[in-house]
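Residues per chain are reported as follows:
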Amino acid sequence: MVGVFLRLVGRELTLAVRGGIGTLMAVVFFVIAVTLFPLGVGPELGLLSRIAPGAVWVAALLAALLSLDRLFVADHEDGSLEQLMLGVLPIEFVVLAKAVAHWLTTGLPLAAAAPVLALLLNMSVDGLVILIVSLLLGTPILSLIGAVGAALTVGLRRGGALIALLVLPLYVPVLIFGVGAVEGAVLDVGVHANLSILAGGLVGALVLGPLAAAAALRMTVE
Amino acid sequence: MATRATGATRRGRTRWASIHFFANPARFLRVARAVYPWAAGSTAALIVAGLVLGLYVAPPDYQQGDAYRIIFVHVPAAWMSLFIYVVIALCSAASLVWRHPLADLVAKSSAPVGAAFTFITLLSGSLWGQPMWGTWWVWDARLTSMLILFFLYLGYIALHAAFDDPAKGARVAAILALVGVVNVPIVKFSVDWWNTLHQPATISKIDAPSIDSSMVAPLLLMAAGFMAYYVTVLIPRVRAQIASRRIRNLRMAQVSR
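Values in this document were obtained by computation on a predicted structure and should not be read as measured data.

Calculation rules
Residues numbered from 1 in each chain as written. Chains lettered and ligands numbered in written order. Predicted model: local features only at pLDDT ≥ 70, side-chain atom pairs only at ≥ 80, totals over all residues. Heavy atoms only, no water. Helix = DSSP H or I, 4+ residues; strand = E, 2+ residues; numbered from the N terminus. Rg over C-alpha atoms; globule rule 2.2 N^0.38 Å. Contact = heavy atoms within 4.5 Å. Areas by Shrake-Rupley, 256 points an atom, 1.4 Å probe, with all protein chains shown as cover. Lys, Arg positive; Asp, Glu negative; His and termini not counted. Charge placed at Lys NZ, Arg CZ, Asp CG, Glu CD. Buried area = accessible area lost by both parts, 1.4 Å probe. Salt bridge = Lys/Arg side-chain N within 4 Å of Asp/Glu carboxyl O. Polar contact = N/O pair within 3.5 Å; in protein donor to acceptor, adjacent residues only side chain to side chain. Nonpolar A, V, L, I, M, F, W, Y, C, P; charged D, E, K, R; others polar. Core = buried A, V, L, I, M, F, W, Y, C linked by side-chain atoms within 4.5 Å. Buried < 20%, exposed > 50% of the residue type's maximum accessible area, 1.4 Å probe, protein only. Axes fitted to C-alpha atoms, helices over the stretch in contact; angles between N-to-C directions. Parallel < 35°, antiparallel > 145°, perpendicular 65-115°, else oblique. Left-handed = near helix turned anticlockwise from the far one by under 90°. Phe/Tyr/Trp six-rings, centres within 6.5 Å; stacked < 30°, edge-to-face > 60°.

**Student:** I'm lost on the overall build of chain A in this one. Help?
**Tutor:** The secondary structure content of chain A amounts to nine helices and zero strands. Written out in order from the N terminus, the α and β elements of chain A read α-α-α-α-α-α-α-α-α. In terms of overall size, chain A behaves like a compact globule, its C-alpha atoms giving a radius of gyration of 18 Å where 222 residues would be expected to give roughly 17 Å. Judged by the C-alpha coordinates and their principal axes, chain A covers about 55 × 35 × 30 Å. The contacts of chain A with a sequence gap of at least 6 include a subset with a gap of at least 24, amounting to 80%. Accessible area of chain A: about 9600 Å², with a carbon and sulfur share of 72%. Both charge centroids of chain A, one from 9 positive and one from 12 negative side chains, sit 9 Å from each other.

Rendered as structure tokens:
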């Protein structure tokens, strides 16, 4: 079972690597979106360092959203999703494998790119480390909640815009605690509470996310 | 589904308490027809009584003057918006677990009403905020979580409408409602964490309420009136849903023949 799970993750990663630049789209979008903030609010460094945690996190949120609509749709179109659902792996673990692969191809690169962008926004060095940690804890939650949204809309023609409407309100707590942790580090008022809540949310999402997404897939895929 | 409904009918009156009692649409329609005039009548009576007590009898607030009177609309609307979301979640659970055919329809019919109450809450809060806080919108915890609740309602309605097959849309939207109800407390908690500017709750302190009884009475009357209003608009909506499902089934039968 573990072997099948790992092979499924491997398959997704192979598909992502073969996808070329399309796979890096989330990171490219992330970089461009963060670059827009100084252009929008002005180049004053004090202001930029104030909005840096929020700007980076909001851009990461939107970047993670970007590739969600393809999470199940490509496999649904060519019929391999049905095959995966009929296979030995419980559907919950199929979803989990998909979410893990989604995180490895979006969340992890986002966390890697974030410190450079944060430097562009004049964030202090204390904030950088916590920014990476908070993104490493928070972006898996985004992938797991996103998998639920993707599973709910898998059979629909215009699922993409709908996913944003369904998923973004559910992303609010991740945003709040993620930004809270980074601001806590920048202002030196402690980061443990926010990071602990993010970690707890990750554990909860790991359990509940695949359950909800699998239930949704059973209904949307027939 | 059909066999289950007839099973409940056969066992008849001994199964009054059963959740499947109203699963029979014909029985539901009979009861609804009897309840409807009472619900409509009490809506009018309760809201008129609440408005008269609230706008003329209750004294002005010592700090806020007459502006506080908007709570007689604002607070009951906020209660209803949360209550209806819980109703939708419970109906969704019933529809997923028991395939209860009416629960789907009640959930679907409730959503726009709940969204409207949420909107009224936001609007009246904003109108109250202008004289009190000097601004139309404050990013305080309660307004913000209400705004997110409004987005959740919109997502639920949009997902319901996105499917060509209404039965499938109902099942998928039911899952979203359950995901949402797990998330609403988390969102509430996170938004409270994020910002605590709003004045603390006035009605939750049961032993020593910080609002005068002359103000509580109209508030509770209005809340009861809003609840009756919800029932009053729910009944025709569910009736229309049942009728449209019948029309759909007839059309399908016609096409397949």
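**Student:** Help me understand the interface of chain B and chain A, please; the structure alone is not making it clear to me.
**Tutor:** Accessible area lost upon the coming together of the parts serves often as the stated size of an interface. If you look at the interface, chain B gives 26 residues, while chain A gives 24 residues. Summed over both partners, the interface of chain B with chain A comes to about 2100 Å²; 83% of that surface belongs to carbon and sulfur atoms. Among the residues of chain B in contact with chain A, K168, I175 and W193 of chain B are the three that bury the most area, contributing 23% of the side total. Our count for the contact surface shared by chain B and chain A stands at zero salt bridges. The tally of links between chain B and chain A comes to one residue pair in polar contact (both at pLDDT 80 or more). Listing elements by their share of the side of chain B that touches chain A, those giving two or more residues are helix 5 (141-162) and helix 6 (166-194) of chain B. If one sorts the elements of the side of chain B that touches chain A by residue count, helix 6 of chain B sits on top with 15 residues. The class makeup of the residues in the side of chain B that touches chain A is 20 nonpolar, three polar and three charged.

**Student:** Help me understand the nonpolar core in this model?
**Tutor:** Membership of the largest hydrophobic core comes to 130 residues, with the highest contact counts inside it found for F30, W57, F72, L131, L152 and L217 of chain A together with L159 of chain B. Ranked by residue count, the leading element in this core is helix 7 (residues 125-152) of chain A, at 14 residues. Non-local contacts of L217 of chain A, meaning those with residues more than four positions away in its chain, are made with F72, L81, M85, I91, V95, A151 and V154 of chain A. By size, the runner-up hydrophobic cluster in this structure holds six residues, among which are V172 and I176 of chain A together with A141 and V187 of chain B.

**Student:** Hey, could you run me through the environment of I84 of chain B in this one?
**Tutor:** Residues and elements named next belong to chain B. Among the structural elements, I84 can be located in helix 3 (residues 71-98). The exposure class of I84 is buried, given its relative accessible area of 0%. Along the chain, I84 and A39 lie 45 residues apart, while their C-alpha atoms are 17 Å from each other. In contact with I84, other than residues within four places in its own chain, are S110, V113, G114, F117, Y153 and Y230.

**Student:** Sorry, what's going on with the packing of helix 3 (residues 45-66) of chain A against helix 6 (residues 91-120) of chain A here?
**Tutor:** When two helices pack together, their arrangement is given by the angle between the helix axes and the distance between those axes. All names here are of chain A. The contact between helix 3 and helix 6 brings their axes to 10 Å, and the two run at 155°. Between helix 3 and helix 6, the interaxial angle falls into the category roughly antiparallel. In the crossing of helix 3 with helix 6, the sense of the turn from one axis to the other is right-handed. Across the interface between the two elements, V56, A60, A63 and A64 from helix 3 touch H102, L110, A114 and A118 from helix 6. For the contact of helix 3 with helix 6, the class distribution of residues is seven nonpolar, one polar and no charged.

**Student:** Where do I start with the packing of aromatic side chains in this structure?
**Tutor:** Both the distance between ring centres and the angle between the ring planes are used here to describe each pair of aromatic rings. Counting across every chain of the model gives six aromatic pairs over all chains. Both rings, one in F5 of chain A and one in F93 of chain A, keep their centres 6.3 Å apart while their planes meet at 85°; by these two values the pair is edge-to-face. You can see F5 of chain A sitting in helix 1 (residues 2-18) and its partner F93 of chain A sitting in helix 6, a full 88 residues away along the chain. Judged by relative accessible area, which is 16%, F5 of chain A ranks as buried. Relative to Y229 of chain B, the ring of F117 of chain B has its centre 6.1 Å away and its plane inclined at 90°; by these criteria the two rings are edge-to-face. With F117 of chain B in helix 4 (residues 101-133) and Y229 of chain B in helix 7 (residues 213-256), this pair connects stretches of sequence that are 112 residues apart. For F117 of chain B, a relative accessible area of 4% corresponds to the buried category.

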